[in-house]
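Structure at a glance
Residue-level listing of the chains:
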2 protein chains.
Amino acid sequence: MALINEHYLKLQAGYLFPEIGRRVNEFVAANPDKKIIKMGIGDVTRPLVPTVLKAFHEGVDEQGKPESFKGYGPEQGYEFLRKAIAENAYQANGIDIPADDIIVSDGSKCDTGNIQEIFGASNKIAICDPVYPVYADTTVMSGKTGACQPNGYYEGVIYMPCTDENGFTPDLPTERPDLIFLCYPNNPTGTVASKEELTKWVNYARENKSIILFDAAYEAFITDDSIPRSIYEIEGAKEVAIEFRSFSKTAGFTGTRCAFTVIPEELKAYDSQGNAHSVKKLWLRRHSTKFNGVSYPVQKAAAAVYTPEGKKEVKEVIAYYMENARIMRESLNEIGYTVYGGVNAPYVWVKTKGGMSSWDFFDKVLNEANVVGTPGSGFGPAGEGYFRFSAFADRDNVLEAMTRIKNLS
Amino acid sequence: MALINEHYLKLQAGYLFPEIGRRVNEFVAANPDKKIIKMGIGDVTRPLVPTVLKAFHEGVDEQGKPESFKGYGPEQGYEFLRKAIAENAYQANGIDIPADDIIVSDGSKCDTGNIQEIFGASNKIAICDPVYPVYADTTVMSGKTGACQPNGYYEGVIYMPCTDENGFTPDLPTERPDLIFLCYPNNPTGTVASKEELTKWVNYARENKSIILFDAAYEAFITDDSIPRSIYEIEGAKEVAIEFRSFSKTAGFTGTRCAFTVIPEELKAYDSQGNAHSVKKLWLRRHSTKFNGVSYPVQKAAAAVYTPEGKKEVKEVIAYYMENARIMRESLNEIGYTVYGGVNAPYVWVKTKGGMSSWDFFDKVLNEANVVGTPGSGFGPAGEGYFRFSAFADRDNVLEAMTRIKNLS
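Residues numbered from 1 in each chain as written. Chains lettered and ligands numbered in written order. Predicted model: local features only at pLDDT ≥ 70, side-chain atom pairs only at ≥ 80, totals over all residues. Heavy atoms only, no water.

**Some words on the interface of chain B and chain A**
For clarity, the threshold we go by: Contacts are assigned to residue pairs that have any heavy atoms within 4.5 Å of one another. Accessible area, probed at 1.4 Å, shrinks when two parts are joined; the buried area is that loss added up over both. Salt bridges are identified by distance alone: a Lys or Arg side-chain nitrogen within 4 Å of an Asp or Glu carboxyl oxygen. Within 3.5 Å is the distance limit for a polar contact, defined as a pair of N or O atoms, with the added protein rule that one can donate a hydrogen and the other accept it, and that residues adjacent in sequence qualify only through two side-chain atoms. By the criteria applied, helices consist of DSSP H or I runs no shorter than four residues and strands consist of E runs no shorter than two, each listed in order from the N terminus. Gly falls in the polar group here, along with every residue not listed as nonpolar (Ala, Val, Leu, Ile, Met, Phe, Trp, Tyr, Cys, Pro) or charged (Asp, Glu, Lys, Arg).
The interface is formed by 78 residues belonging to chain B together with 78 residues belonging to chain A. Each partner contributes to the roughly 6,700 Å² buried at the junction of chain B and chain A, and carbon and sulfur atoms together form 57% of this total. Contact with chain A buries area across many residues of chain B, yet B:Met1, B:Tyr72 and B:Arg285 alone supply 12% of it, more than any other trio. There are six salt bridges connecting chain B and chain A. Where B:Asp137 meets A:Arg285, a salt bridge forms, and the shortest distance between an N and an O atom there is 3.4 Å. Along the contact surface separating chain B from chain A lie 53 residue pairs in polar contact (both at pLDDT 80 or more). For the side of chain B that touches chain A, the secondary structure elements donating two or more residues are α2 (50-62), α4 (108-114), α5 (133-141), β9 (268-270), α8 (279-290) and α9 (296-304) of chain B. Looking at the side of chain B that touches chain A residue by residue, the class counts come to 32 nonpolar, 26 polar and 20 charged.

**A closer look at helix α6 (residues 195-208) of chain B**
Three- or four-residue spacings in an α-helix give side chains the same orientation, since the helix completes a turn every 3.6 residues. Residues and elements named next belong to chain B. Definition in use: The span one expects for a helix is its residue count, reduced by one, times 1.5 Å.
The end-to-end C-alpha separation of α6 is 20 Å, in line with the 20 Å expected for 14 residues at 1.5 Å each. For α6, the secondary structure elements touched by its buried residues are β4 (158-161), β5 (179-183) and β6 (211-215). Just downstream of α6, Lys209 is the residue with a positive phi angle, here 50°.

**Considerations on the domain arrangement of chain A**
Residues and elements named next belong to chain A. Worth spelling out the cut-off: Boundaries of every domain are those given by an automatic assignment or by a domain database.
Examined at the domain level, chain A breaks down into domain 1 (12-47 + 315-408) and domain 2 (52-308). The C-alpha centroid of domain 2 is placed 26 Å from the C-alpha centroid of domain 1. Between domain 1 and domain 2, the contact holds 28 residues from the first and 35 residues from the second. Taken together, domain 1 and domain 2 are joined by one salt bridge. A salt bridge links Asp164 to Lys351, with the nearest nitrogen and oxygen atoms 2.9 Å apart. Applying the counting criterion to the domain 1 and domain 2 interface returns 11 residue pairs in polar contact (both at pLDDT 80 or more).

**Focus: the side chain of A:His287**
All names here are of chain A. Short version of the rule: A simple rule labels every residue: compare its accessible area, found with a 1.4 Å probe on the protein chains alone, to the largest value its type can have, and call it buried under 20%, exposed over 50%, or partly exposed in between.
Relative to the elements of secondary structure, His287 occurs in helix α8 (residues 279-290). Since its relative accessible area comes to 3%, His287 is described here as buried. Of the polar contacts made by the side chain of His287, one reaches the backbone oxygen of Val104; its length is 2.9 Å. Aside from chain neighbours lying at most four places away, what touches His287 is Glu75, Gln76, Ile103, Val104 and Ser105.

**Description of unusual backbone geometry**
Generally, phi is negative for residues other than glycine and the peptide bonds are trans, each holding for most cases. Each neighbour pair has its own omega, and for B:Tyr184 with B:Pro185 the value is -15°, a cis peptide bond. Turning to its location among the elements, B:Pro185 is positioned in the loop between β5 and α6. Non-glycine residue A:Lys209 carries a positive phi angle of around 50°. Position of A:Lys209 relative to the elements: it lies in the loop between α6 (195-208) and β6 (211-215).

As structure tokens, this is what we get:
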């Protein structure tokens, strides 16, 4: 008799975005004449830039001629892309990461989820609250937790609340975790981590032989030079950290799909006898057994992000989104909201007024302003009373949404 | 302390294709003037067909304009593609599979590997010997086996030997499996399954509440109308089978990446209390949590395979490969080899002469004819004494390779 993976039964049904979709669809059905402005899901809206587009087309053309046709490529990505990443995203910033430590994939969601598979079920995981739901869900799926408790916390997971009291920057946990998920610039709070803050975590991980799973999907939005763009700017991080990066938000690849994971040669994890094993080797074994590489034309397109023209064009798109963030921050501030994030990060994290719950605020903004945001409580109990606006919208929509919200209050 | 998934330590190091690569590279380094002909790894060589290419370019163009730009798509694939698949690959052949039972992915390797995650570790898996190595490796990774034994078999896996005595068609296992991997047309033996043969398996699975994981990656190579192209041609299969299909071999997508899995609504698996659960729902939960959809332009390209022109063009490519297979079969037969497969399947399975081992034959063919094939023993102990040639080569190379091998003997 075929038996299911019963850990799946522990998963809470209401994944955030489907529930938002349901409420929006219901509203649209009842109000077909209303123009909805979506600032909920963190999805980009600007098209691929010309240089990327040109390379993408060239890649497709190569697939149409016998002499340039590419079949299976290396599972970890073509060397031309891994070299471009190593040189431009790391070595140019003084970070010594070789192309061999970079493994290309089709998304950071896949990578941050799949990485769980190479670690044993007895590992204790630490995650922030509020947090991107995938970290917890994939921890559950891989059998590292107990049941879900009434407060929404899974048994066996170490939660690190991020609130306005601690500046949305978690304290070191009291119980020792084996794997620590950190995301900076943060989704959903828009917080960034200073060099000191990251040094605290790297030192903690070194002392405890823990591994930091560092999600740097929003790195491109950092404009302040004193904020680290990579965890490897911190001394000793190569021995304790995996970094996840993506072309999704950096270069508008959410529908085109390309990302990468950095696992330094130095990084080790242990078997139950205490023997050290190369984490990169384990990940490559998984990657080459369960994945067949990213589409070749997509890899060509991704590499073009690092050409001089590509860099310039992508920077302009980022600046466009960051101007959206500035407008949102200032508009919401003006009408009396307490606002976090939106500087060095594409998310604006807003405290509701008068202790209104996140979902009540969601319904109010949807029904009265016809604007869709994301309820903070959907990211975890500590997000209750907060609301996330995404800066990945068209300028006109941002301006219109802010006017409507102004008229609300 | 971060602990590894110790099941990975059971995996045997020598994955087949890296070892082939090593021996080929060694030969090339020692013989830089020799022209190697590769008929080993099952990778296509013909370019994408014009209609697919045109749609691919159109998809890229859409990503360059704000009004047609696509960000995140549905994780299970766009409806236009799922509908095209359901209508053309199933409904047109009288098989009632709706678009909702189709889940698009970036490869059958990913799907046949990842599917393991939704089933519990106590399931017993049955696989053929010889077999595509990914089934066994992902079974090990997911913790469903014991150690590897001296004969190359993992403890706890039910192996079903396929030999010339049983026509490379496995008998029903004596021990009852929960999950049964079947691949038809078969990789590596090129065997196909008749309606009667598949009916035997469907009935067996129904009696035992087992699930058949049916890998139909080579379905497009079936030219004999009496051979089922889908397991769902068998009555009752929707209650017991998952079908994996791919654009890789059908339409030259090995470097472009698109595939799909069919999980009928009717298919159930059980929890330890004996309650039935929808397998599709579990797979969609995994898919939407750990995957972010296939690149939009790639999905556009894949849908074009089902246009009238696309179908015609793709059929011509398949016919080209099948003519290769015919040439190989007849040439090898002529010089006294016993040859299997190569009809309704792109693989030719050759018995070595005089009991020569698969790797000895590999070395002989490489060193004396400068042709690369795949040693049968690399697919499992029952493949010892056999050799696989792939028909996915250029015609000139196939003719040249056959001439060289003729001169060998």
